[in-house]
Amino acid sequence: MKKTIAGLLASLMVVAALSGCGVSGNGSSGGNSAASSSSGSEKHTLAMSVPLTGTMMQYGTSYRNGAELAVADFNAAGGINGEDVVLAVYDDKGDQKEAINVANIIIENDDIFAVIGSYGSSVSMAAAPVYQEAGMPMISPNTSHPDYPDIGDMMIPMSCKSEVVFGEVGRTLAEEFGPCKMAVIYQNTDVGITTLEAVKEGFEGAGGTVCTTETFVPNQTKDYTPLLSSIKQTDPDILFMVAEYNDGASITLQAQQLGMDDVQLVGVGNLFKQEFLNLTGDKADGMLLMGISRIYTDEVMENSDFGAYTEDIVKRYNEKYASGGVAFDNFAAIAYDSAMVAMNAAKNAGTNDTQALVAQIKKLDIDLCAGQAYFAENGDLIREIFTFTVEDGKFVMK
Amino acid sequence: MFLQQLINGITIGSTYALVAIGYSMVFGVLELINFANGSVYMLGAYITLMIYVNMLGNFWLSFALSLVLTGMVGYCIDRFGLRRLRSKNVPKVTGLITTLGISQVIEHGVRIFFGSETKAFPNMIDFGYVKVAGATIGSSQVIILCTSLVLMICVSLLVYKTKLGKAMLAVSQSSEASKLMGINVNGIISLTFILSSSLAAVAGTMVGMYYQNVDASMGFSVGMKTLASAVLGGVGVLPGAMVGGLLMGIFESLGASYVSSGYRDAISFAILIAVILVKPTGLFGHKQINKV
């Protein structure tokens, strides 16, 4: 009796383990199921590989919501020649190994014409070779690592290379503040290191000096006082932070605690989030935020000139999703644009010739809600750079 | 700057000490490393925040409630996760893996229920700063240090001066003999878990106040470091855990400022390895002699 029960439980466990081994995926929105396309006709499924669980889940949720809205809008406007597009969202947990598993699943699905993913250069670049070899266009909303486009012609970044953006940011800072001293505190990831090098080159090229740099492992520590004490000793005029919003908030608060009030704080796009302000309160006043990301808080939207297309999307997104906690932000904006660009290209160029599809995507000839962008001669994506500051605990556009 | 980093190190080290005491006590009575202690530390901070923000407006009441609730979670870990394993006489490693699983459940459960974004934590003990010999000492640091010291003294008094403490020491020497002496071994073990979880909750809340934010992954790295502190001081020895925690905090702070901030954790663990190579039972530990 005991042996039979044990045997049954064991086989149940094996079945559960095997089914759990697969990656969680769910198709959402639209009418047709992913497997119902007949051979020879257009493909209808847009895949997404984003972190829906794990430490990065809020970014993945923004991406998914932005893309969902885009797919709904596109289908409402007629879809691909009358057929609805289906969005298939896969959870890669913000983990490189999981992203590769997801990629293998996506390339096996014949109805998928493009994939949007992932969050974070390290994760995207881990999965990219799988998509490149399978000839699947990969649109990455925020991957700014300079080596990403070199992985292949299927790679379409929707974010500029760090050297393009932060070289410009470094130059602008040197022009605005004169030839002064800058300290850089950066996270020890692909994004952090490339941003540091780009800012350093731009800043020093325009006359400034980078007096010290300090690195940290993101999400591992909350205590930045050793680094900030070392930085304070070199007496910088500007402190440039390359960090996610939680580490950035800790750094900002601790810099104030150590009495570094006369140092100008400058942050990168990842700090352009309401959550950052929730953590810092009014201690971030006067901080500069420079990059290609825009902020879409109510205060900024009232005085902005982002255009009616963007404003309408922001309004509808907030109506639909803001009750879940996270309002429209730059991540949702770029995900919206990525999805729109992919679907419009599929409509105009068809999905059977991937080279033509990629070329059509790169034309970026539709309205974009995240700001102007185009692919230059050398293949780099160029976007406008925005400057924001914080006043009275709220974001303000400069 | 040395003084500043020393003070920072002692502050954070005292919170490590509180969690390390938990590891040491549980290892003492059960010979089991309770990996869930790190997650309970994080859970304590989260429960305080959630009760304070969503239900009551009174922080100290929320803190007290959180201690009770976290203690209950600790009790449940033992009662439902580990007691049946003990009665079946399974190898010790099974219990260890169970606690590892529980820590993952707690961490991801918190993430699903409360969201994965970092949350702001109110600092109720911020009464200003004092400049002493070039270093800035905050009121939060002083209060954290004092609270940890008081708690450590209380735990030591409990373990070495009361009958209950004697029972705990007896169980950690031999649970068989303790049963023969009429000690309720299961009760003592549950009490140990409740105590270690409550201490971890205190540490978690204090760290939340100090850094003014909490997030679901803070338990994991602290769990590793405090386990290392307990080993450094000698597992099973209470004063060892306290000293180990303080030392770990100091090494981490000084290592981060004088060697490299990227390698702060590596430095702490390297020192641990060096100590263990020289004295395998830890600083205060003694060799287990199995007399036949």
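S.K.: How would you explain the domain arrangement of chain A if you had to name every residue and give the values?
M.R.: Residues and elements named next belong to chain A. With domains assigned, chain A is organised as domain 1 (33-160 + 324-383) and domain 2 (162-291). The C-alpha-based centres of domain 1 and domain 2 are spaced at 30 Å. Of the residues lining the interface, 12 residues belong to domain 1; the matching set on domain 2 comes to 13 residues.

S.K.: Tell me about helix H8 (residues 245-257) of chain A, and please be specific about residues and values.
M.R.: Residues and elements named next belong to chain A. Along its 13 residues, H8 runs 18 Å from first to last C-alpha, staying within 8% of the 18 Å computed at 1.5 Å per residue. Most of H8 sits inside the fold, with 11 of its 13 residues counted as buried. What H8 keeps buried is the set Tyr245, Asn246, Asp247, Gly248, Ala249, Ser250, Ile251, Thr252, Leu253, Gln254 and Ala255. In the segment just after H8, Gly259 is the residue with positive phi, at about 85 degrees.

S.K.: Explain the environment of Gly245 of chain B residue by residue, including any values.
M.R.: Residues and elements named next belong to chain B. Relative to the helices and strands, Gly245 resides in helix H10 (residues 238-258). C-alpha separation for the pair Gly245 and Ser140, spaced 105 residues apart in sequence, amounts to 19 Å. Excluding residues within four positions of it along the chain, Gly245 makes contact with Gly13, Ser14, Tyr16, Ala17, Ala20, Thr226 and Ser229.

S.K.: For the sheet that holds strand E10 (residues 264-267) of chain A, give the residues involved together with the corresponding values.
M.R.: Residues and elements named next belong to chain A. With mixed pairing, the seven strands of this open sheet are ordered in space as E8-E7-E9-E10-E11-E14-E15. Here the strands that pair on one side only, and so sit at the sheet edges, are strand E8 (209-216) and strand E15 (394-397). For this sheet, the mean angle separating the axes of adjacent strands, direction not counted, is 25 degrees. Where strand E7 (residues 181-187) lies against strand E9 (residues 238-242), five bridges are found, and the strand directions are parallel. Opposite Ile185, over in E9, you have Met241 as the bridge partner. The strands touched by helix H7 (residues 225-233) are E7, E8 and E9; relative to E8, the strand with the most contacts, the crossing angle is about 170 degrees.

S.K.: Before we move on, can you summarise the pairing of E7 of chain A with the specific residues and values?
M.R.: Residue and element names in this part refer to chain A. Across the seven residues that make up E7, a large majority, six, are buried. Bridge analysis of E7 against E8 gives seven bridges, and the strand direction is parallel. From the neighbouring strand, Lys181 faces E8, where its bridge partner is Thr209. Viewed along the sheet, the connection from E7 through helix H6 (residues 190-205) into E8 turns out right-handed.

Thresholds applied
- Residues numbered from 1 in each chain as written.
- Chains lettered and ligands numbered in written order.
- Predicted model: local features only at pLDDT ≥ 70, side-chain atom pairs only at ≥ 80, totals over all residues.
- Domains from an automatic or database assignment.
- Contact = placed C-beta atoms within 7 Å.
- Helix = DSSP H or I, 4+ residues; strand = E, 2+ residues; numbered from the N terminus.
- Expected span 1.5 Å × (residues − 1).
- Buried ≥ 20, exposed ≤ 12 C-beta atoms within 10 Å, placed from the backbone.
- Pairing = 2+ DSSP bridges.
- Axes fitted to C-alpha atoms, helices over the stretch in contact; angles between N-to-C directions.
- Right-handed = clockwise from strand over helix to strand, strands pointing away.

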